[in-house]
Amino acid sequence: MKNKNKAIIYVLCSALGFAFMNLFVKLAGDLPFMQKCFFRNFVAMFFAFGIMLKQRVPFKQSKEGMKHVWLRSIFGGLGMLCNFYAIDRLVIADASMLNKLSPFFAIIFSVFLIKEKPKFYQLLCVIVAFVGAVFILKPGMEGLISFPAFVGMLGGAGAGFAYTNVRLATAKGVDKPFIVVFFSAFTCLLCLPGLIITFVPMSGFQWFCMIMTGASATVGQMGITTAYSLAKASEISVYDYSMIIFAAILGMLFLKEVPDVFSVVGYVIIIGAGVVMFLLNNRKEKQQVT
């Protein structure tokens, strides 16, 4: 329970950090999303590197765990690119909600990666969550969905796969700050070609937004990496939805964004599925203990 309570606090801090990251990405204005991704990770890399040095974390890590660090970085990087693309084109609460399908994707991927067998109610909650996603995706009269919303959902899938590998990497002895530094450095290299090709000079305010994006992302990354190393996704994932509340409030205060009715219905369905899964998980654990 002690580790679980710590994990909940870390998840809430992470949610607030990522909500501010999304806000500063949007406030940075009309910059190529590859440029935003690069500077977000470049700044985050220095913050995380400082933490790594302070904690005297070695660069040499478990060879067995490095495979999962690579997978976390590759799929997390692709998921991040999808998320940034969606943030620029959607209400930030919508983009945040689609990205927060990651806990449900994490349950699916855990079946194949960790061999964790989900319960029937968990599978049912996953299905309900994707029904909620349909309300945010907003299929049109011709059966077509919003492309940015679809990309945002792919970002959630990438994040779910990445977080599953975070748990595997830390279980095999890889230090958490190292995972964050490695991920940040990898995504900088991933974005570098796009940055060079599409670079746009930035104003002082845009530089400020990029620095704050990186700082907020560091809080989010360190929080979520620590949380998933302390507890199972099924135990703490529900608290990650606090990001939607944070993002919606920040969007209304600073961007005058108000989600439409369909999006709100989608939020309620997805968060409701997450809450039900959380409560049933806790009930099952109590029954096992007694």
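As a reminder, the structure under discussion sits directly above these lines.
So, here's what we can say about the structure. For clarity, every value in this text was computed on a predicted model and none was experimentally measured.

Right, let's get into the overall build of the protein chain. A count of helical and extended segments in the protein chain gives 12 helices and 0 strands. Starting at the N terminus and walking to the C terminus, you meet the elements of the protein chain as α-α-α-α-α-α-α-α-α-α-α-α. A compact globule built from 290 residues should have a C-alpha radius of gyration of about 19 Å, and the protein chain, at 18 Å, falls within 12% of that. If one aligns the C-alpha atoms of the protein chain with their principal axes, the spans along those axes are about 60 × 55 × 30 Å. Looking at the protein chain as a whole, 54% of its 290 residues qualify as buried. A separation threshold of at least 6 residues defines the contact pool for the protein chain, and within that pool the share at least 24 residues apart is 90%. Taken as a whole, the protein chain presents about 13,500 Å² of accessible surface, with 72% of it coming from carbon and sulfur.

Counted under the stated rule, the structure contains 2 salt bridges. For the salt bridge of Lys26 with Glu257, the shortest nitrogen-to-oxygen distance reads 3.4 Å. In this pair, Lys26 sits in helix α1 (residues 2–27) while Glu257 sits in the loop between α11 (242–254) and α12 (261–289), placing the two residues 231 residues apart along the sequence. Assessed through its relative accessible area of 13%, Glu257 is described here as buried. Two residues, Lys36 and Asp88, come together in a salt bridge whose shortest N-O distance is 2.6 Å. Here Asp88 lies in helix α3 (residues 63–89) and Lys36 lies in helix α2 (residues 33–54), a separation of 52 residues in the sequence. Given the relative accessible area of 0%, Lys36 is considered buried. Using a relative accessible area of 25% as the deciding quantity, one classes Asp88 as partly exposed.

The first and last C-alpha atoms of helix α7 (residues 147–171) sit 37 Å apart over 25 residues, in line with the 36 Å expected at 1.5 Å per residue. Within α7, 20 of the 25 residues are buried, which leaves the element mostly enclosed by the surrounding structure. Gly173 sits one or two positions beyond α7 and adopts a positive phi of about 95°.

Moving on, we come to helix α8 (residues 176–198). Across its 23 residues, α8 extends 33 Å between first and last C-alpha, which sits within 8% of the 33 Å expected from 1.5 Å per residue. Cys191 marks the point of greatest bend in α8, at about 40°, and the proline Pro193 comes within the next four residues.

This next bit is on unusual backbone geometry. A negative phi angle characterises most non-glycine residues, just as the trans form characterises most peptide bonds. Despite not being glycine, Arg56 has its phi angle at roughly 55°, a positive value. With respect to the secondary-structure elements, Arg56 resides in the loop between α2 and α3. Classification of Arg56 as exposed rests on a relative accessible area of 77%. A positive phi angle is found at Lys256, which is not glycine, with a value near 55°. As for its placement among the helices and strands, Lys256 is situated in the loop between α11 and α12. Accessibility expressed as a relative area gives 69% for Lys256, which makes it exposed.

Calculation notes
- Sequence order as written defines residue numbering, which begins from 1 separately in each chain.
- The predicted nature of this model means local features are confined to residues of pLDDT at least 70 and side-chain atom pairs, given and counted, to a pLDDT of 80 or more, with totals for whole chains, interfaces and linings taken over all residues.
- Hydrogens and waters are ignored; side-chain quantities use all the structure's heavy atoms.
- Numbering goes from the N terminus for both helices and strands, where a helix is a DSSP run of H or I of at least four residues and a strand is a run of E of at least two.
- Between the two quantities, the radius of gyration covers C-alpha atoms and the globule rule is 2.2 Å times the number of residues to the power 0.38.
- Burial status follows relative accessibility: with a 1.4 Å probe on protein chains alone, a residue under 20% of its type maximum counts as buried, one over 50% as exposed, and anything between as partly exposed.
- For this analysis, residues touch if any pair of their heavy atoms sits within 4.5 Å.
- Here the Shrake-Rupley method, with its probe set to 1.4 Å, supplies the accessible areas, and only the displayed protein chains count as covering residues.
- By salt bridge we mean one thing: a side-chain nitrogen of Lys or Arg within 4 Å of a carboxyl oxygen of Asp or Glu.
- What a helix is expected to span follows from its residue count: subtract one and scale by 1.5 Å.
- Two axes enter the definition of the bend at a residue: one is fitted to the seven residues ending there, the other to the seven starting there, and the bend is the angle between them.

By themselves, these observations are geometric and do not establish any function.
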